[in-house]
Amino acid sequence: MSRVFASGGSHKTLSDDDQRVTLPGESSNGGVPVRHVHVTILGTGFAGLGMAIRLKQHGQNDFVVIERAADVGGTWRDNTYPGCACDIPSHLYSFSFALNPHWSRAYSPSREIWNYLRSCTERFGILPHIQWNSELLDASWNEDEQCWHVTTTQGQFLTDILILGNGPLSEPSLPSIAGIGCFEGVLFHSAQWRHDYDLTGKRVAVIGTGASAVQFVPQIQPQVGHLSLFLRTPPWILPRQDHPIAAWQRAMFRLLPITQRLVRTRIYWRQEIIALGFVYRPGMVEEGMQIARRYLAKQVEDPVLRAKLTPQYVMGCKRVLLSDDFYPAVTQPNVEVITERIREVRAHSIVTGDGREHEVDTIICGTGFHVTDAPLAQCVHGCGGQSLADKWQAGSSAYKGTTVAGFPNLFLLIGPNTGLGHNSMIFMIESQLSYILDCLHTMERRALQSVEVRPDSEEAFNTEVQQRMRGTVWTSGCKSWYLDASGRNTTLWPGFTFEFWRRTRHFDAKHYKLIPRKASTRVGKAVVRSEKR
Ligand SMILES: Cc1cc2nc3c(=O)[nH]c(=O)nc-3n(C[C@H](O)[C@H](O)[C@H](O)COP(=O)(O)OP(=O)(O)OC[C@H]3O[C@@H](n4cnc5c(N)ncnc54)[C@H](O)[C@@H]3O)c2cc1C
């Protein structure tokens, strides 16, 4: 692919329709004109790009996308570890409006997904809207002006609508283990893979056995000298049955897109059935557990190792992993699976609870992300200066995972309780995009300056979500990244995805406080005059 994604913010950063207003008394700008854009989108992963594409398709060009990195792709730009791939089949893990007949495998590698997102960016004309190397530092709602004041590492501007697509899995989380800061070898997170560092012959420790570790362990095992796999809670693993997509099939998908759509639909419903077990009939999960136990028994002959790898909680409580090569890799003679708790990290070793010292040159952390404690929540301030982090002190929540009382004209993509343990996140993202688009249309049609979800509507929605969470596999007693510090599941959608789609098909204005536009204020391509503060 041509290198149109030059780094360093060399692109034009705003659309031709951007507006400039002067803010008298704006101390940091001292009366210097401040840009005003109608819509600001944060992030260029599936969520942010999807939003940008849908806006453009609906004739809205007055928007900017801010991205802290120098390229698009989010998850698929950042996760470059060996073996990184999706675990929802590619035919489904892609935009419904941009099917890709060229997927090389059932579960495409991360590089291919990244290239897909880059080609979508180009194809739908999103590049000129992106402001690169631009990290959001602060976004504050101004009640008098009824707009957001946005501060990024590239400067300040005003925006009517703020849409956050910062990603639920974009802030790597390192384990807090005594002494880890004193480790003198090489330590890195799987989402920040050190490609400049050769693992050949090294004594490598892997901490964490989630979705990423299960993918990279089989890739590095043949290369490293010794691999110590620190595993506290073994995951449930089912066969992935990954396979290349034959050339004739790819040609068929290209020539007859309906055939790919049929395959996609079949995958969607196959995945959706899993929700039945997770949410409504936990008994169904027993069958999956039996398949997984048989799979483990077939792949791991040693009963001691098998016991270490056997999960002791209900399947689905933590994310179910798919792998064809993890078990064969951990049975190799250069791998040791250690289930003891890590007590401390020393300059060149890891000490476990039983007092054993494991000498290592390298520590790779497959320890996940800041999901329920994302730092961005501290940077977004709504009415009265309250931050999202303050608002969410007792646990994050949002109306339909998208809007938050006290934060007018703010929309969250993959907000609280929109995550999935069983199906494609792109489906959830696209449902939210429709909801937001319909809201923006409503605002235009009814000449509204701002919309803010009513606190009682938000509360009723979240009470319902938490009630439905009871009795699901996710509240069956395991510890997982789905749960926040107080043990509440604020991450997952407790139901079928088609229900979420149905509930987000139309913007439901009756649940919102609607503020009409002032006579002098017009949104979109028209001039927006700010009131004096
Ligand atoms: C290894 C891995 C595999 C996965 N596999 C699957 C799968 O198979 N199926 C599935 O459904 N889901 C999967 N997921 C979940 C995946 O994250 C989502 O499907 C989806 O890619 C999220 O897209 P996003 O746009 O919301 O977030 P991201 O892709 O994380 O993008 C967020 C963007 O926002 C930018 N950003 C964040 N904060 C700021 C800031 N303050 N200022 C400026 N920019 C900022 C980031 O740089 C990034 O570009 C996987 C996740 C990981 C980590």
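Residues numbered from 1 in each chain as written. Predicted model: local features only at pLDDT ≥ 70, side-chain atom pairs only at ≥ 80, totals over all residues. Heavy atoms only, no water.

## Points about the pattern of salt bridges
Here is step 1 of the chain: Within this structure, the stated rule accounts for 21 salt bridges.
Here is step 2 of the chain: Put simply, Glu-336 and Arg-356 hold a salt bridge, and the shortest N to O gap is 2.8 Å. With Glu-336 in strand β13 (residues 335-338) and Arg-356 in the loop between β15 (349-352) and β16 (357-359), the pair connects residues that are 20 residues apart, well separated along the chain.
Here is step 3 of the chain: Residue classification places Glu-336 among the partly exposed residues on the basis of a relative accessible area of 23%.
Here is step 4 of the chain: By relative accessible area, Arg-356 is classed as partly exposed at 39%. (Salt bridge = Lys/Arg side-chain N within 4 Å of Asp/Glu carboxyl O. Helix = DSSP H or I, 4+ residues; strand = E, 2+ residues; numbered from the N terminus. Buried < 20%, exposed > 50% of the residue type's maximum accessible area, 1.4 Å probe, protein only.)

## Side note on the state of the cysteines
Here is step 1 of the chain: Enumeration over the complete set of coordinates arrives at 1 disulfide.
Here is step 2 of the chain: Bridging Cys-317 to Cys-478, the disulfide has an S-S length of 2.0 Å. The S-S bond linking Cys-317 to Cys-478 shows a torsion near -100°; that makes this disulfide left-handed. Of this pair, Cys-317 sits in the loop between α8 (303-308) and β12 (321-322) while Cys-478 sits in the loop between α12 (455-469) and α13 (497-503), placing them 161 residues apart in sequence. (Disulfide = S-S within 2.5 Å.)

## As for the sheet that holds β15
Here is step 1 of the chain: A sheet is described by the order of its strands in space; here 3 strands give the open sequence β14-β15-β16, paired in antiparallel fashion. The two strands at the open ends of the sheet, each matched to only one other strand, are β14 (342-346) and β16. Within the sheet, the average angular offset between the axes of one strand and its neighbour, ignoring direction, is 20°.
Here is step 2 of the chain: Bridge count between β15 and β16: 3 bridges; the pairing is antiparallel. Following the sheet pairing, Ile-350 is matched in β16 by His-358. (Pairing = 2+ DSSP bridges. Axes fitted to C-alpha atoms, helices over the stretch in contact; angles between N-to-C directions.)

## Structural notes on the packing of helix α5 (residues 247-255) against helix α6 (residues 257-280)
Each pair of packed helices gets described by two things: the angle between the helix axes and the distance between those axes.
Here is step 1 of the chain: Contact geometry for α5 and α6: axes closest at 4 Å, N-to-C directions at 110°. Considering the angle they form, α5 stands roughly perpendicular to α6. Facing α5, whose interface residues are Met-252, Phe-253, Arg-254 and Leu-255, α6 presents Pro-257, Thr-259, Gln-260 and Val-263. (Parallel < 35°, antiparallel > 145°, perpendicular 65-115°, else oblique. Contact = heavy atoms within 4.5 Å.)

## Describing the nonpolar core
Here is step 1 of the chain: The biggest cluster of nonpolar side chains holds 114 residues, and the ones touching the most others in it are Phe-46, Phe-95, Val-206 and Ile-220.
Here is step 2 of the chain: Of all the elements, helix α11 (residues 425-445) adds the most residues to this core, at 11 residues.
Here is step 3 of the chain: Val-64, Cys-147, Trp-148 and Val-150 belong to the second largest nonpolar core, which has 25 residues in total. (Core = buried A, V, L, I, M, F, W, Y, C linked by side-chain atoms within 4.5 Å.)

## Focus: the sheet that holds strand β10 (residues 226-230)
Here is step 1 of the chain: The parallel open sheet is built from 5 strands, whose spatial order is β8-β17-β9-β10-β13. Edge positions in the sheet fall to β8 (186-189) and β13, since each has one partner strand and no second. Here the average twist between neighbouring strands, direction ignored, is 15°.
Here is step 2 of the chain: In the sheet, strand β9 (residues 203-207) pairs with β10 via 5 bridges, with the strands oriented parallel. The partner of Ala-205 across the bridge, within β10, is Ser-228.
Here is step 3 of the chain: Together, β9, β10 and β17 (362-365) form the strand contacts of helix α4 (residues 211-220), whose direction differs from that of β9 by roughly 165°.

## Focus: the packing of aromatic side chains
Here is step 1 of the chain: Using the criterion set out here, one finds 27 aromatic pairs in the structure.
Here is step 2 of the chain: A ring pair is formed by Tyr-81 and Phe-216, whose centres lie 5.8 Å apart and whose planes are at 70°; its orientation type is edge-to-face. Remark: Phe-216 occurs in helix α4 and Tyr-81 occurs in the loop between α2 (75-78) and α3 (110-123); sequence separation between them is 135 residues.
Here is step 3 of the chain: Owing to a relative accessible area of 5%, Tyr-81 belongs among the buried residues under this scheme.
Here is step 4 of the chain: A residue is classified by how much of its surface remains accessible, and Phe-216, at 0% relative accessible area, is buried.
Here is step 5 of the chain: Each residue in the set Phe-46, Trp-76, Tyr-93, Phe-95, Phe-97, Trp-103, Tyr-116 and Phe-124 is aromatic and connected to the rest through ring pairs, giving one cluster. (Phe/Tyr/Trp six-rings, centres within 6.5 Å; stacked < 30°, edge-to-face > 60°.)

## Some details on the side chain of Ser-457
Here is step 1 of the chain: Along the chain, the position of Ser-457 falls in helix α12.
Here is step 2 of the chain: A relative accessible area of 9% means that Ser-457 is categorised as buried.
Here is step 3 of the chain: Once you skip the residues sitting within four places of it in the chain, Ser-457 turns out to touch Tyr-399 and His-511.

## A short note on the site of the ligand
Here is step 1 of the chain: Around the ligand, a shell composed of 33 residues is seen, among which Glu-67, Thr-75, Asp-87, Tyr-93 and Met-425 lie nearest.
Here is step 2 of the chain: Note that an oxygen atom of the ligand is positioned 3.5 Å from one of the side-chain N or O atoms of Trp-76.
Here is step 3 of the chain: A distance of 2.6 Å is found between an oxygen atom of the ligand and a backbone nitrogen or oxygen belonging to Asp-87.
Here is step 4 of the chain: Burial of the ligand by the protein amounts to 95% of the accessible area it has alone, namely 980 Å².
Here is step 5 of the chain: Secondary structure elements with two or more residues in the shell around the ligand: α1 (46-57) and α2.
Here is step 6 of the chain: Among the elements that make up the shell around the ligand, the one with the highest residue count is α2 (3 residues). (Near = heavy atom within 4 Å. Polar contact = N/O pair within 3.5 Å; in protein donor to acceptor, adjacent residues only side chain to side chain. Areas by Shrake-Rupley, 256 points an atom, 1.4 Å probe, with all protein chains shown as cover.)

## Considering the confidence of the model for the chain
Here is step 1 of the chain: Residues of the chain with pLDDT of at least 70 account for 91%, and the chain-wide mean is 91.
Here is step 2 of the chain: Of the regions scoring below 50 in pLDDT, residues 1-28 engages in 82 contacts with residues more than four places distant in sequence or in other chains. (pLDDT = per-residue confidence, 0-100.)

## Overview of the environment of Met-284
Here is step 1 of the chain: The residue Met-284 is located in the loop between α6 and α7 (285-299) in this model.
Here is step 2 of the chain: For the pair Met-284 and Ile-274, spaced 10 residues apart in sequence, the C-alpha to C-alpha distance is 8.9 Å.
Here is step 3 of the chain: Setting aside chain neighbours within four positions, we find Met-284 in contact with Ile-273, Leu-276 and Gly-277.

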